[in-house]
Amino acid sequence: MNTEVLTGGSGIIDSIAAEWGELCDEGASNEPFLRPEWFSAFVRNFENKIDILTVRRNGKLRAVLPMVTKRANLHGVPVRNLQAIFNLNTQRFDLIHGADESERGAIAQAVWEKVREISGWDVFEARLVKKESWLGDVLALAAREGYQI
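Residues numbered from 1 in each chain as written. Predicted model: local features only at pLDDT ≥ 70, side-chain atom pairs only at ≥ 80, totals over all residues. Heavy atoms only, no water.

1. Topic: the pattern of salt bridges
Oppositely charged side chains can form a pair if their charged atoms are brought close together. Applying the stated criterion to the full structure yields 15 salt bridges. Here R35 makes a salt bridge to E37, at a shortest N to O gap of 3.4 Å. Looking at R35, the relative accessible area reads 17%, which means it is buried. Residue K114 pairs with E117 through a salt bridge whose shortest N-O separation is 3.7 Å. (Salt bridge = Lys/Arg side-chain N within 4 Å of Asp/Glu carboxyl O. Buried < 20%, exposed > 50% of the residue type's maximum accessible area, 1.4 Å probe, protein only.)

This is the structure:
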């Protein structure tokens, strides 16, 4: 698995939109709020700069995790938040992935390792995620390493 973090505006989504759409079309992540069109519109309207974590296997896109870094307050304590891209208009968030369940563990591990490597965050925030999702697996890996989830 090869992971990379792409940083920029809606143009970085557009640069992988065709592959991302194919990934969604496999079925497991084929929901309106997980498609590149949703995130592209969201970023154009609400965010200036985002990070997209991508996972590739043999050059083929296998997972996408859109994130944004923000300063926030957690119970009055200032934190640097690495968070899922969402707001009140978002119905659901998840790690976007293909339908091949045999990739699940390797993709979750690759995503967690890359998130852990990203510097400058205190809190990773993901809301509107189903516990049994692949992103739930990433959070379980974090918990096993002593991170509070």
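2. Concerning the nonpolar core
Core analysis: the largest hydrophobic core is formed by 41 residues, its most contacted members being W20, I52, L65, L95, I96, V111 and V115. Elements represented by at least two residues in this core include exactly α1 (10-25), α2 (36-46), β2 (50-57), β3 (60-74), β4 (77-84), α3 (104-117) and α4 (134-144). Those residues in contact with I52, other than ones at most four positions away along the chain, are E4, V5, L6, I12, I13, I16, W20, V64, L65 and P66. (Core = buried A, V, L, I, M, F, W, Y, C linked by side-chain atoms within 4.5 Å. Helix = DSSP H or I, 4+ residues; strand = E, 2+ residues; numbered from the N terminus. Contact = heavy atoms within 4.5 Å.)

3. Concerning the pairing of β2
Most of β2 is tucked away, with 7 of its 8 residues classed as buried. As paired strands, strand β1 (residues 2-8) and β2 are joined by 7 bridges and run antiparallel to one another. The partner of V5 across the bridge, within β2, is L53. Direction of pairing for β2 relative to β3: antiparallel, over a ladder of 7 bridges. Bridge assignment links I52 to a residue of β3, and that residue is P66. Linking β2 back to β3 in an antiparallel pair, the connection comprises 2 residues, with N58 at a positive phi of about 50 degrees. (Pairing = 2+ DSSP bridges.)

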